[in-house]
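Each chain, letter by letter, is given below.
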Amino acid sequence: MFLAASRAFAALEAGMQVIILARGLVCDELRWRVDQRQLKLTDWDKLPSASTSLASTPDTKADAESLSTYLAENPSISLICITIHTADTLALARICHAHNIPVNVTDLPALCDFSFAATHRFVDPSTGGKSALQVGVTTNGEGCRLAGRVRREIVSVLPKEVAGAVRQVGKLRHLAKNTDDEVGECEEGEDSSVTTPNRPVPGWRNSAAESKEESSRRRMKWVAQVSEYWPITRLASMSEDDMNLILSGDSLQTTSSYSTQAPNESSLHNLKLFPPPKEGRILLVGSGPGHPSLLTIATHNALTKHADLVLSDKLVPAAVLALIPETVEVRIARKFPGNAEGAQSEMMDAAVEAARRGLTVVRLKQGDPVVYGRAGEEVLFFRAHGFEPLVVPGVSSALAAPIFAGIPVTQRGVAESVVVCTGVGRQGKEVKLPGYERSRTVLILMGVARIAQVVGAMMRIDNGSRRDGRPYPRNTPIAIIERGSMPDQRVVASTLGDICEALDSAGEQRPPGMMVVGWAVLALQGTGDTSVLEEGEEQDEGRIRKWLGGGRWVMREGIDQSWAEV
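Residues numbered from 1 in each chain as written. Predicted model: local features only at pLDDT ≥ 70, side-chain atom pairs only at ≥ 80, totals over all residues. Heavy atoms only, no water.

*Asks:* What's the story with the overall build of the chain in this structure? I'm lost.
*Replies:* For the chain, the helix and strand inventory stands at 18 helices and 21 strands. Counting across all 566 residues of the chain, residues that qualify as buried make up 46%. Here the analysis covers contacts within the chain between residues at least 6 apart in sequence; of these, 64% occur between residues at least 24 apart. A total accessible area of about 29300 Å² is found for the chain, and carbon and sulfur atoms account for 52% of it. (Helix = DSSP H or I, 4+ residues; strand = E, 2+ residues; numbered from the N terminus. Buried < 20%, exposed > 50% of the residue type's maximum accessible area, 1.4 Å probe, protein only. Contact = heavy atoms within 4.5 Å. Areas by Shrake-Rupley, 256 points an atom, 1.4 Å probe, with all protein chains shown as cover.)

And the structure:
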């Protein structure tokens, strides 16, 4: 009966009305709740046609008939929990199914239509009350106590500001919707079934030219971008002014809390003394693929010792931004779908304005700033405005992410050369991809959201406009690496012919992602395969079967735990 009391409490917490069907005595907790009129207790023996002893020698048929009659007379019952196993448990579960009522049977997962999760409701730090955020863990009957432990582990590693972040994002969503129309929950909004938040959209110019529907769609997509990329701490600290600015698309104000004017000092002769004005400077800095351990010393110093203002790309992970002292202002680029050009100009203008005020500006980019990081145009822009930026290289995700996935971009006997390219050109235009060379690895950045078009261009025989060279065989290995080097890294590996279906089966995408195409993908998997170039194409089908274990794709989550110690 103690388990029944636990189930009853969970249902009451969810705002449900609870009825207990039982024989004989019940536990003190249930009796107290009955006395408090929180739930209703019904004696099984009082049901029509009930057998006299459910615990010893029950009449299974009679009890099943009694339950069926009771359910027919009480059509409002929506869920049933069976917490005591008897000879008629299976028959009772079948009666529930016959009445189309979901049932949970303790310790018999095969009979369950739903399960109870070990839950935790987060506290809103601003009110001290329950927040909207709740997490639940279930083992589907295989280890209830372990589920509680897993729940505690999850809660312990989430940032303390997570409940506040949920509250503020809720406010942002409310502002994003037009409350007087029906398009707030648009097709590609935050709660849509679109698997990538980076689905291509037309370029956006200004809010004045938008219709109400277009405005609502854009704003909801931008809410999804903020939710996906911004650090939890930044989300939790958003003010209403921040929210309005995010959604408006207007340029950020370039004010800063920093002042370059030193306090006035007087000499013995009552002369005003001012130190020479501080010269501003701009650093274009690469933050590496994401793992903080891969920051260069120069990048670490720029962020922790020299920066007055950090202008960060949205892809820079929270673990890197967390290294920046709290006294340093951080702005995150609003490179949302359709607004990439506007956000880029906004960041460059802000850097020049701050440098003119004598600040040291760190323009922080993911990976290496000159590997598809648009650093070149920023160098020319800053130079034209009187500032020669210092470019600080970073570890490129193009080379680092494959290593985290166990893929060497070059390998003797497999891959003799490597090409790095992009899957999408400027303003979403198509690009020409390299043709197939058996001994070459192709690394494609920024193309996962358009994977169907990219893969089609690589395989189609008549696609000379999008490919420079031979078409790729359908069995060419490919790996998609998402959030490379981060704890939630995911690798989906298959052949070009099956990769689109494989990625769809993996569920929601985890940007940023990249593609690795070529035989190097399987070179170090399992026992390894470094004879690709020696054996030739006739052995390819066999090596694919060995690599995929007879399936059509493989998926791996996370990174090596040893990285936690490095």
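*Asks:* Please clarify how helix α6 (residues 162-176) should be interpreted in this entry.
*Replies:* An α-helix turns once per 3.6 residues; consequently, residues spaced three or four apart project the same way. A rise of 1.5 Å per residue sets the reference length of α6, with its 15 residues, at 21 Å; its end C-alpha atoms lie 21 Å apart and thus fit the reference within 8%. Within the sequence span of α6, burial applies to V162, A163, G164, A165, Q168, V169, L172, R173 and A176. On its buried face, α6 sits against β5 (118-123), β6 (130-137), α7 (212-229), α8 (232-236) and α9 (240-248). (Expected span 1.5 Å × (residues − 1).)

*Asks:* What should I look at first to understand the pairing of strand β1 (residues 19-22) in this one?
*Replies:* Burial along β1 is one-sided: the face carrying I20 and A22 is buried and the face carrying I19 and L21 is not. Where β1 lies against strand β2 (residues 40-43), 4 bridges are found, and the strand directions are parallel. Bridging across to β2, I19 finds its partner in K40. On the question of chirality, the crossover connecting β1 to the parallel β2 by way of helix α2 (residues 28-35) is right-handed. (Pairing = 2+ DSSP bridges. Right-handed = clockwise from strand over helix to strand, strands pointing away.)

*Asks:* Mind showing me how you'd approach the sheet that holds strand β9 (residues 281-286) here?
*Replies:* Sheet strands pair via backbone hydrogen bonds, and the direction of the pair is either parallel or antiparallel. If you trace the 5 strands from one edge of the open sheet to the other, you get β11-β10-β12-β9-β13, paired in parallel fashion. Of all the strands in the sheet, the pair left with one neighbour each is β11 (329-332) and β13 (390-392). Recorded for the sheet is a direction-independent mean angle of 20 degrees between the axes of neighbouring strands. Packing against the sheet, helix α12 (residues 340-356) makes contact with β9, β10 (309-312), β11 and β12 (360-365), and its axis sits at approximately 155 degrees to β12. Set on the sheet, helix α13 (residues 375-384) makes contact with β9, β12 and β13; between it and β9 the angle comes to about 175 degrees. (Axes fitted to C-alpha atoms, helices over the stretch in contact; angles between N-to-C directions.)

Keep in mind these numbers describe shape, not what the thing actually does.
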